[in-house]
Amino acid sequence: MTTHSTQMLILGSGPAGLTAAIYGARASLNPIVVQGIQPGGQLTTTTDVENYPGFAEVIQGPWLMQQMQAQAEHVGTRMMYDTIVDIDLSQRPFRLIGDSGDVYEGETLVIATGAQAKWLGLDSEDLLKGKGVSACATCDGFFYRGKKVAVIGGGNTAVEEALYLTNHSPDVTLIHRRDSLRAEKILQQRLFASDRITTLWNKEVVRFIDGGGMAGLVGMELRDTVTGELSTIEVDGGFVAIGHKPATDLFKGHLDLDEDGYLKVDVGSTRTSIPGVFACGDVMDKVYRQAVTAAGTGCMAALDAERFLAAAHFAMAEAAE
């Protein structure tokens, strides 16, 4: 068993965690990043990235994360390939135990463990992810300009994504397994007022249809949840919008979470309910969920942690006088 100590310990290695590491390293905090079960975060499962500032041409998600990690390491970040299984946030330094048995101690802790989109769990869904099947309309909707698309879901996320897609597509279908939506009434009103959106009630997707070769998604097979009758629709893009699950199970009982399981932070900051513990990226953001906003909050977390340490050192110096 080895103990690794740092002034800034970062959990998660997506855009939020690596941006925090870059800023922390430049502030001489010698950050350690524990990468977790998905090094690089969700962008490593994304192919074309067209909305990250600074790149005129389409770039690949895995390449972008490789560049972020290289930059973080170049300025002095230590990357640890481990997964945290237990935590003690009762005192500083905070103490975390890895699956490897190693111990990680941090004077500050930055949580950037992210969130995962919920999927339907179909084999055909896995095969066509990135080939017509997506879980983020704001990320991928641009690729379906003028094409026929469908959104699966009935909550706020689904309705918001359907409305967003009307900016790109004249033919949007919302597929919901019940006969009424769970979305807020004002969103439902906007949905029903749109002449670009058709709603299919009491339908569930049982298969995404592969066109073969380079075609990707060409349609969906649906089952009527009342009669059991099967039908198909032709679509070029399918967006699964049944929610996200933040990676916060480790922090239950330690930090304040909201009703959806996201870490609570003070408004305008990344401060959590424990002084010295900060949260950034999708683990605390259920509204925007973009790589660039995750990176922005990663910067905020590093700056908040740096200021926290400076104040703590000043308080100790004063007490010693």
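Report follows, based on the coordinates.

Rules and cut-offs
- Residues numbered from 1 in each chain as written.
- Predicted model: local features only at pLDDT ≥ 70, side-chain atom pairs only at ≥ 80, totals over all residues.
- Heavy atoms only, no water.
- Helix = DSSP H or I, 4+ residues; strand = E, 2+ residues; numbered from the N terminus.
- Buried < 20%, exposed > 50% of the residue type's maximum accessible area, 1.4 Å probe, protein only.
- Lys, Arg positive; Asp, Glu negative; His and termini not counted.
- Salt bridge = Lys/Arg side-chain N within 4 Å of Asp/Glu carboxyl O.
- Polar contact = N/O pair within 3.5 Å; in protein donor to acceptor, adjacent residues only side chain to side chain.
- Core = buried A, V, L, I, M, F, W, Y, C linked by side-chain atoms within 4.5 Å.
- Contact = heavy atoms within 4.5 Å.
- Disulfide = S-S within 2.5 Å.
- Axes fitted to C-alpha atoms, helices over the stretch in contact; angles between N-to-C directions.
- Parallel < 35°, antiparallel > 145°, perpendicular 65-115°, else oblique.
- Left-handed = near helix turned anticlockwise from the far one by under 90°.
- Nonpolar A, V, L, I, M, F, W, Y, C, P; charged D, E, K, R; others polar.
- Pairing = 2+ DSSP bridges.
- Phe/Tyr/Trp six-rings, centres within 6.5 Å; stacked < 30°, edge-to-face > 60°.
- Lys NZ or Arg CZ within 6 Å of the ring centre and 35° of its normal.

Moving on: the side chain of Asp285. Note that Asp285 resides in the loop between strand E19 (277-279) and helix H7 (291-320). Buried and without a salt bridge, Asp285 has Arg289 as its closest oppositely charged side chain, separated by 6.7 Å. A polar atom in the side chain of Asp285 sits 3.1 Å from the backbone nitrogen of Arg289.

In this structure, Met8, Ile10 and Val110 are the most contacted members of the largest nonpolar core, which totals 28 residues. Contributions of two or more residues to this core are made by strand E1 (3-11), helix H1 (15-26), helix H2 (61-74) and H7. The element contributing the most residues to this core is H7, with 6 residues. Those residues within four positions of Met8 in sequence are excluded, and the remaining contacts are Ala20, Gly24, Leu29, Pro31, Ile32, Thr108, Val110, Ala302 and Ala305. If you look at the next biggest cluster of nonpolar residues, it comprises 21 residues, including Val34, Ile87, Ile111 and Val277.

Under the defined criterion, the tally for this structure stands at 1 disulfide. Each sulfur in the disulfide pair Cys136 and Cys139 lies 2.2 Å from the other. One quick way to see it: the torsion about the S-S bond of Cys136 and Cys139 is about 65 degrees, and its sign makes the bridge right-handed. With relative accessibility at 29%, the residue Cys139 sits in the partly exposed group.

Moving on to the packing of H1 against H2. Interhelical geometry of H1 versus H2 gives an angle of 25 degrees and a closest axis separation of 9 Å. Between H1 and H2, the interaxial angle falls into the category roughly parallel. Handedness of the crossing formed by H1 with H2: left-handed. Note on element contacts: H2 touches H1 through Met65, Met68, Gln69, Gln71 and Ala72, opposite Pro15, Leu18, Ala21 and Ile22. Counted by class, the contact of H1 with H2 contains 7 nonpolar, 2 polar and no charged residues.

The strand order across the open sheet formed by 5 strands is E10-E17-E11-E12-E13, and the pairing between neighbours is parallel. The open sheet has two edge strands, strand E10 (133-134) and strand E13 (197-200), and neither has a second partner. In terms of strand pairing, E10 meets strand E17 (residues 237-240) through 2 bridges, oriented parallel. Note on E17: the bridge partner recorded for Val133 is Gly238. Along the sheet, helix H5 (residues 156-165) contacts strand E11 (148-152), strand E12 (171-175), E13 and E17; its crossing angle with E11, the most-contacted strand, is approximately 170 degrees.

For the pair H1 and H7, the least separation of the axes is 7 Å and the interaxial angle reads 35 degrees. Crossing of H1 over H7 shows right-handed handedness. Note on element contacts: H7 touches H1 through Ala291, Ala294, Ala295, Gly298, Cys299, Ala302 and Leu303, opposite Pro15, Ala16, Thr19, Ala20, Tyr23 and Gly24. Considering only residue class, the contact of H1 with H7 consists of 10 nonpolar, 3 polar and no charged.

Let us look at the sheet that holds strand E16 (residues 230-234). The 3 strands are arranged E14-E15-E16 in an open sheet whose pairing can be described as antiparallel. Edge positions in the sheet fall to strand E14 (203-210) and E16, since each has one partner strand and no second. Sheet twist, expressed as the mean angle between neighbouring strand axes with direction ignored, is 30 degrees. With 7 bridges joining them, E14 and strand E15 (residues 217-224) adopt antiparallel strand pairing. Each bridged residue has a counterpart across the sheet, and for Glu204 the counterpart in E15 is Arg223.

This next bit is on the packing of aromatic side chains. What the rule picks out here adds up to 5 aromatic pairs. With 6.5 Å between their ring centres and 45 degrees between their planes, Tyr52 and Phe55 make a pair best called tilted. On the basis of relative accessibility, which here comes to 17%, the residue Tyr52 falls in the buried class. Taken together, the aromatic side chains of Tyr52, Phe55 and Trp63 make up a single cluster linked through ring pairs. Cation over ring: Lys129 sits above Trp119, and NZ or CZ is 4.1 Å from the ring centre.

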